[in-house]
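Inside the fold
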Amino acid sequence: MGAEMTARMPEEADAASLVSLGEIKELAEVGRPTVSNWRRRFARDAVRTGGDRRPPFPDPVGGSDSRPLFDAEEVASWLDLRPIPDAEPGKDGTLPTYGDRFRRGLRLRGLVALRYELGSAERLITDALAVCAMAGEGGDWYPEELPVDLRKDAEAADPRVVRVVRQLVGELGSPGAAADMVLSLSERLESKLVMDTTPSALAELISALAGPVGVVSSGSNPPTVINLCAGIGELLFALDSIRGRGGIVAVESDPLRRKLIRYRLFAHRCTAVDVCASPEELDTLRPWEQREFNLDSERPWGIPSGDVVLADPPYAAGEREFDEDGPLAWALQTMQRLNPDGRGLVVVPSWTLSRPRGTTPTPNAWMREELLHRGVVAAIIQLPRRIHPFRTGAEHALLVLRGEAAPENRGRVLLVDADRIARRVGGAWPAYVAEVLEAGRSPVDEEAGFFSLAAAGPRAENLLDGRSILPAHRLASKEQDLDHFSATRDARREAAVVLPRLKEWIGDLGIARRPADAGVAHRKVGGYLRAGQLRLLAGHRIRESDIGDAGLMVVGREEMLGALPLGQRRITLEDLADYPAQITERGDVFLLTEHGVRTRVDDAGGCVLLAPVQGLRIPAYQKFLAGEARPEEVWMRPHPLAQLIAAPRNQQRGSGSLVRRVSVRDMDLPELPSEEIAELETILAELERQRADMRRQLEVLDSLAGRLAAGVADGDLALRRRPGGG
C-alpha cells in the first residue's frame, strides 16, 4: 500500500462507494469514538504540524458538515495501514488489518443489497452456498463428481454473487468460513431461515453436553451422531469437529434447508455426513449398501440409532397439548434411537413440562410420564428466557436423555434452572450449566437439585405426581444464610423502637425456635385445590368502558401494585351482568403473581377481580363465619394464607418468557396444627390493623405538610414555633 492517496472530487465519487462515519464504525467493527479519534488525530493539518509521516485520514468527498461522506476505497486503503491489535497472524505471517474487516463489511453490505435485485433472500443464499460448495469440493477441477443440482445452482448463480463470495473465500481463508458468514446474514436479508436457527448459546450448551459420550473422540470406531432436525446445520457444526468423520446423519424435512445443509457440508469438506428427508429413512437400506453382496439382515443400514441424538425442532406457534404427535414426540423418537449407553438432547417448549396431568391425561401428559417411567430422563434444563429471539413469548427447556443401559442416578432426575443461572453469571451460563450437570449440583441450592421419580413416602415429593416438573416450579429452598429466629427478633426490636405505642403488644409477641426433630411437611396448593380445601377464583376481563366510579369495587393489577387506591374503580351490577364474574367474599385472598407474589386479604367481600389478579377462597373458613364449623375444624385462615403464599420460597418459582409469573398450583404451604394457624391469624390480623392505623396517621401528616406548604406558597400563612416548644 502506498503512503499517498489520490484525492477524488465529489462529482467523481459513485454514491454506492460513499460511507458515513457511522458506516465506517460498523464496517470496521469498532466504536464510534474510535473513528472520531482517528479523524481528529490524523487530520491533514494535525499530521503536518506534528511531523507524522503516516498519511492523513481521508477528507470528505460529499455529504454535509453534519454528515460527511467519505470515499470507501480511500478509507479502506488508510485502514490497511492499521493492524488489528491481538489478532492472530495469517498463514503467510501477515497481521489482519482494519482494512480487511472494512472491505469484508463492504462486500457483505453489497451482498445484502443484491437481495432486492434477485427478489428472494433464499435465492441469494442458495447461490452463495453453491459457490462455496463448489470451492470446497474442487468443483472447478472435478465437476462431474458433484451432485447435479449443485452444478446447476452454481452455473445459474448471479455473477455478482459469485464475485463477492469468491472474494470472501479468499479473505476468510476457506469456503466453509465464507458459507458460515453468508448464513449469518440471514436476519439482515430478511430470510425465513433465521426464524428457526438454533441460537449460538444453546448450540454451545448442547455441544458441551454431547462431549461426555465421546462425540469428538478419535479411533477406528467413533461414536455415531443423529441430528433429527438439522435445519441448516447449527448443532452439527457446533460440535468440535465433524470433518472427515463417518457415522453422522442429518435429518431435515424441508427441501430448501436440506439443500443448504448439503452445500454447507460440501463447503466444509464434510462429505461423509449423510442427509435424509425423514427419520423413517434411517431404517432403510442406503443405495450403495444395496449393492453389497453379503448383507447383514439384522442390520438394515448404517445408522438406525446413535450414541448422540440431537433435536431442536422448529415448533410452530400455538400449543399442541392434545395432539398425539405433539412436541414431546421428538423426545420419544430420540429415546427410541438412542444406543444403550448414548445421550439425547432435545429442546421442548416449557409448557409441555408444566401442564398438570388432570383427571383425564392429555397425550402430552402421557408422553411426559412415559419418558419418566422409562427412566431415560437424566436432566431437565430450564433455558433462559427469550433464548429463541424469533419465537416471541415462548419459553423452552432442554431434556437430557440417557440410554436405558446407563446406570447412573436411575430413579432420579436433575432439575437445573438455567434462567436463574444466566441472571447470575451472564453470558458464561452454557459452560456453567455443563459443569452443574457434571457435578450434579450448584453452589446455589435453588438453581439445581435431584428429584426422585417414585414416592418414598405418602407425602414425599416426586416427579410422577402429575404436577409441573419445570425446574422453576420444583426448586425452592429456605433463604440462604439467614437465621429466621434472629431476624424476627431484630424486626420486633426495631418495630418497638419506631412505634413506642406498640411496644407492649410487640413485647408480648412470643417467638421460639421450632425443635429440630419437629419437621414441617409442605404440600402444594394444587393438592389443596384438588381436595376442595381451597378454591381458585379466576380474574375476569372487563371492558374499560364498563368500569366507572359506582357499584362494586374492582381489584386489578393497579390496585395490587398500589398505583390506584382500593375503591377508586368500580362496576355497576347492571354492567357486571354481562360477564360471568364471581364476587369475592369476606376472607378471600387476592393474588398477583407477576414478577413475584403480592397478596391482600379481603376483609369485607363484594369485590370483582380483574385478570391477571386471582383469588383463593378457604371453604372451611366460610363455614366458620357462617357458624357451621368449629374453630378447630378450620385448617387455614386468610391472613396466614396470604403471608405464607407470599413467602420467599414461593417468590422464586416464576417462569415465563415475557412476563415472569408464579404458578399458583405449584406454590406450597406448611402443614400446621389448626391452633397454630388460629394464633398466627390473630397476630397477623392485629399487625394489619396496626399498619392500617399507621397508614392513616402518615396520610394525615402528609396532608398537614401539603396544606402548610400550600398556605405558605400562596402567602396566606406565616409559621412560627411557640415559645418553649421542642
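Residues numbered from 1 in each chain as written. Predicted model: local features only at pLDDT ≥ 70, side-chain atom pairs only at ≥ 80, totals over all residues. Heavy atoms only, no water.

A few words now on the overall build of the protein chain. For the protein chain, the count of helices and strands is 28 helices and 23 strands. Here the protein chain holds 726 residues, and 46% of them are scored as buried. Residue pairs at least 24 apart in sequence account for 69% of intrachain contacts in the protein chain once pairs closer than 6 positions are excluded. When the accessible area of the protein chain is evaluated, it comes to approximately 37400 Å², of which 50% is carbon and sulfur surface. (Helix = DSSP H or I, 4+ residues; strand = E, 2+ residues; numbered from the N terminus. Buried < 20%, exposed > 50% of the residue type's maximum accessible area, 1.4 Å probe, protein only. Contact = heavy atoms within 4.5 Å. Areas by Shrake-Rupley, 256 points an atom, 1.4 Å probe, with all protein chains shown as cover.)

Another point: unusual backbone geometry. Cis geometry is adopted by the peptide bond preceding P612, which originates at A611 and carries an omega value of 15°. In this structure, P612 sits in the loop between strand 19 (607–609) and strand 20 (614–617). Phi is positive for E29, close to 60°, though the residue is something other than glycine. Mapped onto the fold, E29 is located in the loop between helix 1 (21–28) and helix 2 (32–41). Its identity is not glycine, yet R386 carries a phi of approximately 55°, on the positive side. For R386, the position within the fold is in the loop between strand 9 (377–382) and strand 10 (396–402).

This part takes up the pairing of strand 10. The side chains of a regular strand alternate between both faces of the sheet. Among the seven residues that make up strand 10, seven are buried, leaving the element largely enclosed by the rest of the structure. Two elements, strand 8 (residues 338–349) and strand 10, share seven bridges in a ladder whose sense is antiparallel. In the strand pairing of strand 10, R343 is matched with R402. With five bridges connecting them, strand 9 and strand 10 associate as antiparallel partners. Paired with I380 across the two strands is L399, which belongs to strand 10. (Pairing = 2+ DSSP bridges.)

A separate point is the pattern of salt bridges. Summed over all chains, the structure comprises 31 salt bridges. Among the salt bridges present, the one from R569 reaches E558, with a minimum N-O distance of 3.0 Å. Linking R569 in the loop between helix 23 (557–561) and strand 16 (570–571) with E558 in helix 23, this pair joins segments that are 11 residues apart in sequence. Residue classification places R569 among the buried positions, given a relative accessible area of 11%. (Salt bridge = Lys/Arg side-chain N within 4 Å of Asp/Glu carboxyl O.)

This part is about the sheet that holds strand 16. Ordered by their spatial adjacency, three strands build an open sheet running 16-15-19, and the pairing between neighbours is mixed. Only two strands of the sheet have a single neighbouring strand rather than two, namely strand 16 and strand 19. Direction of pairing for strand 15 (residues 552–555) relative to strand 19: parallel, over a ladder of three bridges. Within the sheet, the bridge partner assigned to V554 lies in strand 19 and is V608.

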